[in-house]
Every structure is written in C-alpha cells, then in structure tokens.
Amino acid sequence: MTQGAARLRMGLVGGGEGSFIGPVHRMAAELDGRIELVCGAFSADALRSKRSGGALYGLPGDRCYATFEEMFRAEAELDENERMHFVTVAVPNHLHYPVARGALEAGFHVVSDKPVTFDLDEARKLEALVAETGLLFGLTYNYTGYPMVREARHLVHTGAFGDIRRVIVEYIQGWLAEPLERAGNRQAEWRTDPERSGAAGCIGDIGTHGENLAAYVTGLTITELCADLTAFVPGRPLDDDGNVLLRFDNGARGVLFASQVAVGEENGLRLRVYGERGGLEWSQMEPNTLVVRWPDRPAELRRTGAPGTSPAAGAATRLPAGHPEGFLEAFAVIYRNFAAALRARLDGDAPPADSEDFPTIADGVRGMAFVETAVESARRGAWVPFGTPHGAAPPSS
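Since this is a predicted model, take the numbers as computed values, not measurements.

Student: Go over the sheet that holds strand 10 (residues 268-275) with me, naming the residues and quoting the values.
Tutor: For sheets, the rule is that strands pair by backbone hydrogen bonds, running either parallel or antiparallel. With mixed pairing, the nine strands of this open sheet are ordered in space as 13-12-11-10-6-9-8-7-14. Both outer strands of the open sheet, strand 13 (300-303) and strand 14 (384-385), are each paired with one neighbouring strand and no more. Sheet analysis places strand 10 next to strand 11 (residues 279-283), joined by five bridges and oriented antiparallel. Across the sheet, Tyr274 pairs through a bridge with Gly279, a residue of strand 11. Along the sheet, helix 6 (residues 147-157) contacts strand 6 (164-172), strand 10, strand 11, strand 12 (289-293) and strand 13; its crossing angle with strand 12, the most-contacted strand, is approximately 25°.

Student: So, the environment of Ala321: which residues are in play, and what are the values?
Tutor: As for its placement among the helices and strands, Ala321 is situated in the loop between helix 11 (311-315) and helix 12 (327-347). Considering only alpha carbons, one finds Ala321 and Arg303, 18 residues apart in sequence, at a separation of 7.3 Å. Residue contacts for Ala321: discarding those within four places in its chain leaves Thr304, Gly305 and Ala306.

Student: With reference to specific residues and values, describe the nonpolar core.
Tutor: Membership of the largest hydrophobic core comes to 77 residues, with the highest contact counts inside it found for Phe72, Phe137, Val217 and Phe370. The element that contributes the greatest number of residues to this core is helix 13 (residues 361-380), accounting for eight residues. Once you skip the residues sitting within four places of it in the chain, Phe137 turns out to touch Ala100, Val110, Ser112, Val116, Leu126, Val130, Phe338, Phe358, Pro359, Thr360 and Ile361. Residues Met10, Val24, Cys64 and Ala332 belong to the second largest nonpolar core, which totals 25 residues.

Student: Could you give an account of the sheet that holds strand 1 (residues 8-14), with specific residues and numbers?
Tutor: Reading across the sheet, the five strands line up as 2-1-3-4-5 and stay open at both edges, with parallel pairing between neighbours. Only two strands of the sheet have a single neighbouring strand rather than two, namely strand 2 (35-41) and strand 5 (137-139). Across the sheet, the mean angle from the axis of one strand to that of its neighbour is 25°, orientation sign disregarded. Pairing between strand 3 (residues 86-90) and strand 4 (residues 109-112): four bridges, direction parallel. Bridge pairing in strand 4 links Val87 to Val110. Across the sheet, helix 1 (residues 21-30) touches strand 1, strand 2 and strand 3, and the angle it forms with strand 2 is around 150°.

The rules behind these values
Residues numbered from 1 in each chain as written. Predicted model: local features only at pLDDT ≥ 70, side-chain atom pairs only at ≥ 80, totals over all residues. Heavy atoms only, no water. Pairing = 2+ DSSP bridges. Helix = DSSP H or I, 4+ residues; strand = E, 2+ residues; numbered from the N terminus. Contact = heavy atoms within 4.5 Å. Axes fitted to C-alpha atoms, helices over the stretch in contact; angles between N-to-C directions. Core = buried A, V, L, I, M, F, W, Y, C linked by side-chain atoms within 4.5 Å. Buried < 20%, exposed > 50% of the residue type's maximum accessible area, 1.4 Å probe, protein only.

As structure tokens, this is what we get:
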C-alpha cells in the first residue's frame, strides 16, 4: 500500500464503557477504509480505559492510556509511521477545550464533538490556537453530511428560491421527560449538569445542531435573537426546552425550537426554508427525501441517489436509490472529507474538490455564540444581538 493510500491513524479521547458516541465515531471514521483507530484514553479511570480499549475497540494494552496527557506525550514520541495522525474528542463538554488544546499543542490534528467547548471564551481561544498551529480542526455536526441536506444547500445557494425570507428549524426529543439524571443514567447526568454541560442544556445539546443545519443550508448569519428557555423537570438546573426567534443578516426571519421533554418523540430534527420563489423541507426521520415546493406546480420529492440531483448530493451518496442511508453514513461523510483534506496535506497535494466541506472551528465558535446569546436573551427576556456574552450587562439606551 502506498503512503498516499495508507489509512490515517486516529486516537480517541473518551468513548469508554457506557458511551453512545464513542463507538459511533469509530464506526463512522472507519466506514470508508481511510481511517483506523490505533489508540485512546477512553476513561479517567486507568483500568477502565484499558478494559474499554480492549473490549470495545480491540486495541493492545500499550496503546490504551490512563490520561489524554499521557497519550499525547507517548504518541508524539513514536515513530512517525506509527503514531496517530489526529485525535477525536468524545468527552463531556467541559473537557472539550483542554483535550483539544493539548492535542493541538502536541502537534496533532483534531476532530471534536459539538458543542466545541464549554463556553464562548474557550471557543475563541481554541480558534486562535487552530490558526496559530495551522492544524486541521473538524467538528461533528454530522447532520450536514446527509445527501439531501447537501441538495438543499445547493438549491438555496444557486438561487432557485430567490432571496430567503423564512427559516424554521426544530429538534424535538422526549428522552429527558423524566429525571433520568437522578436514576443513574450517565448520558443524562452530564447533560443536565452546569459544571459539565455549560450554560445551557437542551439548547446547547441539540439546539446547536439546529443552528448549524440552518446556517449550512441557507448561508445566512443570525444578527439577533429572542429566546425563552425552560426547565420543565422539577429540580433540573438547565433548560430542557427552548424557543428562539431569529433575525438574519439578509432581513429573513426564523424560529428555532428544541425540546428534550416532548414525550414520545425520538429524534425529530426538521428544517424548512422559504424564499421568494419556492421552499424546501427536510426531516432527519426521513432523511433520503427532500420536499421542494413551488408556487405554480406540485411539490417535488427529491430522493437520495436518484438521477438529476446535484453533484454535491451525489458526492455524499454511497448506495443506489432506494437503499436507505442514515445517521452513520452521514457521520462518515464528515470523517471522509476530513480524511481527504488531511491526507492531501500530509502528502503535499492540493485537497480534492469538496474535501474541505466539513464543519470547522468557525462553526464551533458560532455555535457557542448561539448558546450564550440564547441564554442571555432568556435571562433578560429581550432581543439580544448575536454573540453577546453570557452575563453581559444590557446595552445602554
């Protein structure tokens, strides 16, 4: 196998026993045969880390580290043909920044879970470090990897609908309708804990996905917002439901609502965009279908893999039409593009077309600005300019 075709070596921080997202990262990263997991620090408990590395990921004990700091030091000392190329960060929010910073300072490229950091200040510091090191930084806002999301983006960006007037994005789940954090559910525990999750609960965990999806498809920037955040479960310190009014830089208006207490709902991410001459609708629960609406003819159903879709959608499609592609495949598109961009850089080549179409640190900073602006707006009960720091004083009149 030539160097250009060799698989990139990935390290994983987090993702140990009981993790949902760790195995997802591994499966998505390895789906296209361009990446292999070679090492990890899977838990803050050294024995649990080694046990997880062997039982979950089939790794040798000497590549399962007790801490991420030990992992970065040891991997940096290995021969360049053996050490990892990049690190995936799959830990609770409060650890995103120290892990990503340590990786970048040790010379490793980074892929991180969202939201990118614990707060906006950390996100901006990380953005500066990415610029300083020149290393690649990818962020797994994985819903942008669906072929029909890319078809939607193509339609908007080629002007098929004219100027965009209205954006509606919703993300509703029901899994936190009961206080699972008090019943030993580890996923619920850290997501509802301000010390580990950050200033927001639901709006940070899934609302950021909605913000990113809307921004990716429309290319619009939020200029100000008005948010109402609620914790419905008694005693829960962070929001589990949120409603946000949006104003965009082109004059468009929007609504983003997210909930994790919508009883019976599974993973209801849905985007609707309306312009002067048409609109679209996409739902994560039916991801292979994009509904396109026109004022003077019946609605169209565009399908993943069908003839006539855009090259952007085609590049994210793996299977013939009618074969469902879902969460893992979309997640894998992010990793595939990141891998192509990183391989080109390592080989000194120009990156392939569209290979750099993956979320970056800029998306992460914008996502944290969304979270903190929403929290500040809810605190004030008022419209707030986008990017206002949490806890900032109201502007003088």
